[in-house]
Amino acid sequence: MKGYAGKLLRVNLSDGKVSKEEIPDSTQRDFLGGRGFAIKLLWDEVKHIDPLSEKNKIIFSTGPLSGQLLPSSGKMVIASKSPLTGGYGDGNIGTMASVHLRKAGYDVVVVEGKSEKPCTLLIEDENVKMVESSELWGKDTFEAQDLLEKKHGKNSGILLIGPGGENLIPISTVMSQRGRAGGRPGMGAVMGSKHLKAIVIKGTGNISNFDDSRLRELGKKGHEEIKAKENLDFWMRQGTMQAFDWCNENGCLPTYNFKEGVFEFSKEMDGYILEKLHVGRKGCPMCSMQCGHVIKDSEDRQAELDYENVGMLGPNIGLKSLPHVALLNRMADEWGLDTISLGSGIGFLMEASERGLIKEKIGWGDFEAARTLVQEIGKGEGTGALVSKGVKAASEAIGRGSHRWAMHVKGLEISAYNCHGCPGMALSFGTSPIGASHKDAWIIAWEISTDRFSYNKEKVQKLIEFQRIRGGFFESATVCRLPWVEVSFGLHWYPEYLEAITGNRMTWEDLYQIGDRIYNLIRAYWKREIPHFGRTWDYPPDRWFEDPHSQGKMKGVKIDREKYEEMLSYYYELRGWDENGIPLKETLDRLGLKEVSKEMMG
Ligand code: PTT
Ligand code: SF4
């Protein structure tokens, strides 16, 4: 199909074999790209294996919109069977590697097997080879990025892991460009398990689109629309950090391991403080609203901050200094550890210490202790080792009721929204297809601005609409969703882009159908890989049901368990799943997944 290279590059690191395969038109049509291609490949090829064994595969996947001259299109999905959750895992990264991969003539790279020695995969158009890179092993992601840029050029697309991934830490992520991260559910560890330190991509070709001049015109208009948006100014000043003040105002800032929703020191570290400390801006390729804000950390080195990072490494661990948070953020980037899981793990240890469940004394807001813990977590040593496999594993190791306040869903740590007073957002975390990520349905802003405390059907319907747009379309198309979310960039542009790229006119209804197909296949994957998977995997932690906030305007608020169950049942009904959350045969068949239903139902 036009707009796709139609090519998948497969590299086996065990024997060095490289092959180039056609991506069937039917896969392009039915799964669109990105996450859609990734789950199709995992369903077909990665079954009942240990995620850190050489039998696992890691997939780097773009979509038809990736790398095009369109707003915020420099994105890529990284997916695998997750070593953190045991189910489907993916993340979305902004990187020059996305642009170069498309120019090199591939839509997807699948890496399988395991190299004997640490290696870098070098993709230069047609030429693909493994290069031994023992000299990079052990280096942090900033140092390794510098060395790779020196060797291959500043402009090449580089994806790499830090010592966290090398040490097979299940909360490690993949990094790019000193500050872009992707693959929260342990994608860094999967690369590490393959001895794959980095992928370097250099592409020199062009994407062959149906109507290039129309696409150029549409892209130009899109960029112009974004530049004219009224709320762009505030976005450029604070980026994702504009959520910080808003969350505190609305009692949903994760504070003291999600015990509270307001932080008494919030004014010392919010988006307005960020504006004062701002020394530079970074972001993804092809973006005219770049959101990465750089400040000087407490060691006077540059670090990039985003809301999730600040929420989880700030209030969630009781830390109130933005330069200190920036330092922890930079360390996470160097080690290649996911900041959300890291902040959740450190918060968990602080609470365990407070409750006397571990012997170490780690006080809330203790910066030096947090700094030591980042290193321990990255090495899987000392006290930090307890949370290096995530808070679910930590609570299973400690026991004594700690699962009640281990803040995760399906084994993936909850991102920075405390939902004691947001049942719709709690359901969004509960039903997200990778575990507790806000990626698929950030319903919280809509929820707070409408009927916040209710458990009505409209909320569930809205949640599914968001999942279809965010988790279905944006993850598969594969482009950044923030122009739409943050500056109200029109959704109507996207079918027009697709038409100029592929020549096919698609409606949003068609795109929803693709999203539903992807969601059902991901759900089937969880069930196939974890036979006891079911309804209880869609619950948020007990803390949200049982420990009401003790402060702020949300004092006394918590979620009603029975009403949550009702919303969940309605969610399953709308999705065409049974009461245990498993797709019904007729749902899979209707979505063209007959082979899947056959395999599942026997
Ligand atoms: C995403 C998650 C997020 S979401 C953040 S901040 W956010 C954290 N960033 C980390 C980081 O930084 N360093 C680190 N070591 N770990 C980190 N973990 C956390 O990872 C990111 C932006 C952001 S900033 C968001 S909301 C949007 N996410 C998108 C998405 O998921 N899909 C999509 N189509 N568009 C998106 N646009 C926005 O991208 P994961 P990035 Mg990311 C330093 O990785 O696994 O998806 O988890 O990609 O290039 O860094 O851009 O307030
Ligand atoms: Fe990247 Fe931010 Fe631009 Fe999205 S808005 S493409 S995350 S820089």
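Preceding this section is the structure that the text describes.
Every value quoted in this text rests on a predicted model; they were computed, and no experiment measured them.

About the cut-offs
Residues numbered from 1 in each chain as written. Chains lettered and ligands numbered in written order. Predicted model: local features only at pLDDT ≥ 70, side-chain atom pairs only at ≥ 80, totals over all residues. Heavy atoms only, no water. Near = heavy atom within 4 Å. Polar contact = N/O pair within 3.5 Å; in protein donor to acceptor, adjacent residues only side chain to side chain. Helix = DSSP H or I, 4+ residues; strand = E, 2+ residues; numbered from the N terminus. Nonpolar A, V, L, I, M, F, W, Y, C, P; charged D, E, K, R; others polar. Core = buried A, V, L, I, M, F, W, Y, C linked by side-chain atoms within 4.5 Å. Buried < 20%, exposed > 50% of the residue type's maximum accessible area, 1.4 Å probe, protein only. Contact = heavy atoms within 4.5 Å. Donors = N, O, S within 2.8 Å, 3.2 Å for Na, K, Ca; no water. Pairing = 2+ DSSP bridges. Axes fitted to C-alpha atoms, helices over the stretch in contact; angles between N-to-C directions. Parallel < 35°, antiparallel > 145°, perpendicular 65-115°, else oblique. Left-handed = near helix turned anticlockwise from the far one by under 90°. Salt bridge = Lys/Arg side-chain N within 4 Å of Asp/Glu carboxyl O.

Some remarks on the site of ligand 1
For step 1, the next point in the chain: Taken together, 32 residues are adjacent to ligand 1, and Asn92, Ala181, Asp333, Asp338 and Glu475 come closest.
For step 2, the next point in the chain: At 2.8 Å from a nitrogen atom of ligand 1 is found a main-chain nitrogen or oxygen belonging to Val479.
For step 3, the next point in the chain: At the level of elements, strand E5 (88-94), strand E11 (180-182), helix H11 (307-313), helix H12 (322-335), helix H13 (339-354) and helix H18 (457-477) are the ones that each hand at least two residues to the shell around ligand 1.
For step 4, the next point in the chain: Looking at the shell around ligand 1, the element that brings in the most residues is E5, giving four residues.

Here we look at the site of ligand 2
For step 1, the next point in the chain: What surrounds ligand 2 is the set Ser72, Lys75, Gly283, Cys284, Cys287, Met289, Gln290, Cys291, Cys480 and Leu482.
For step 2, the next point in the chain: Among the residues forming the shell around ligand 2, the class breakdown is six nonpolar, three polar and one charged.

As for the nonpolar core
For step 1, the next point in the chain: Ranked by size, the top nonpolar core spans 153 residues in total, and within it Leu65, Tyr88, Phe473 and Tyr494 carry the most contacts.
For step 2, the next point in the chain: Top element by residues in this core is helix H21 (residues 508-529). It accounts for eleven residues.
For step 3, the next point in the chain: Beyond its immediate stretch of four places on either side in the chain, Tyr494 contacts Leu65, Phe473, Phe474, Val479, Cys480, Phe489 and Trp508.
For step 4, the next point in the chain: In terms of nonpolar packing, the next biggest core, distinct from the first, is built from 27 residues, Ile58, Ile93, Val109 and Ile199 among them.

Quick look at the coordination of the magnesium atom of ligand 1
For step 1, the next point in the chain: Distances from the magnesium atom of ligand 1 to its protein donors, Asn92 (O) and Ala181 (O), fall within 2.6 Å. Of this pair, Asn92 sits in strand E5 while Ala181 sits in strand E11, and the two are 89 residues apart along the sequence.
For step 2, the next point in the chain: Under the relative-accessibility criterion, Asn92 is labelled buried at 13%.

Thoughts on the sheet that holds strand E1 (residues 7-12)
For step 1, the next point in the chain: Spatial strand order, E2-E1-E6-E3-E4-E5: six strands in an open sheet with mixed pairing. Pairing within the sheet leaves two strands with one partner each, and these edge strands are strand E2 (18-22) and E5. Strand-to-strand twist across the sheet, computed as the mean angle between neighbouring axes with direction ignored, equals 20 degrees.
For step 2, the next point in the chain: Where strand E4 (residues 75-81) meets E5, seven bridges bridge the pair, whose relative direction is antiparallel. Residue pairing in the sheet places Ile78 in a bridge with Gly91 of E5.
For step 3, the next point in the chain: Relative to the sheet, helix H2 (residues 34-45) contacts E1, strand E3 (57-61), E4, E5 and strand E6 (108-112), its axis offset from that of E3 by approximately 160 degrees.

Observations regarding the packing of H13 against helix H15 (residues 391-398)
The angle between the axes and the distance between the axes are what describe a pair of packed helices.
For step 1, the next point in the chain: H15 packs onto H13 with a crossing angle of 25 degrees between their chain directions and a minimal axis gap of 10 Å. Relative to H15, the element H13 lies roughly parallel. The chirality of how H13 crosses H15 is right-handed. Mapping the contact onto sequence places Ser344, Gly345, Phe348 and Ala352 in H13 and Val391, Ala394, Ser395 and Ile398 in H15.
For step 2, the next point in the chain: In terms of residue class, the contact of H13 with H15 is made up of five nonpolar, three polar and no charged.

Some words on the pattern of salt bridges
For step 1, the next point in the chain: The full count for this structure, using the stated rule, is 59 salt bridges.
For step 2, the next point in the chain: Between Lys259 and Glu354 there is a salt bridge, with the nearest N and O atoms lying 3.0 Å from each other. Taken together, the residues span a long stretch of sequence, with Lys259 in the loop between helix H9 (242-249) and helix H10 (271-277) and Glu354 in helix H13 at a distance of 95 residues.
For step 3, the next point in the chain: When the shortest N-O distance is used, the salt bridge between Glu351 and Arg355 registers 3.0 Å.
For step 4, the next point in the chain: Taking the relative accessible area as the measure of exposure, Glu351 reaches 1% and is therefore buried.
For step 5, the next point in the chain: One connected set of salt bridges, linked through shared partners, spans Glu351, Arg355, Arg404, Asp542, Arg543, Glu546, Asp547 and Arg561.

Overview of the pairing of E4
For step 1, the next point in the chain: For E4, a buried count of seven out of seven residues is recorded, marking the element as mostly surrounded by other parts of the structure.
For step 2, the next point in the chain: The side-chain alternation of E4 yields two buried faces, one formed by Lys75, Val77, Ala79 and Lys81 and the other by Met76, Ile78 and Ser80.
For step 3, the next point in the chain: Here E4 folds back onto E5, and the loop between the two strands holds six residues, one of which, Gly86, carries a positive phi near 85 degrees.

Section: the sheet that holds strand E15 (residues 302-305)
For step 1, the next point in the chain: One open sheet accounts for three strands, arranged E13-E14-E15; its pairing is antiparallel. Edge positions in the sheet fall to strand E13 (280-282) and E15, since each of these pairs with one other strand and no more. The average angle at which neighbouring strand axes cross in this sheet is 40 degrees, direction not considered.
For step 2, the next point in the chain: Of the strand pairs in this sheet, strand E14 (residues 292-296) and E15 are connected by four bridges, and their pairing is antiparallel. Bridged to Lys296 within E15 is Gln302.

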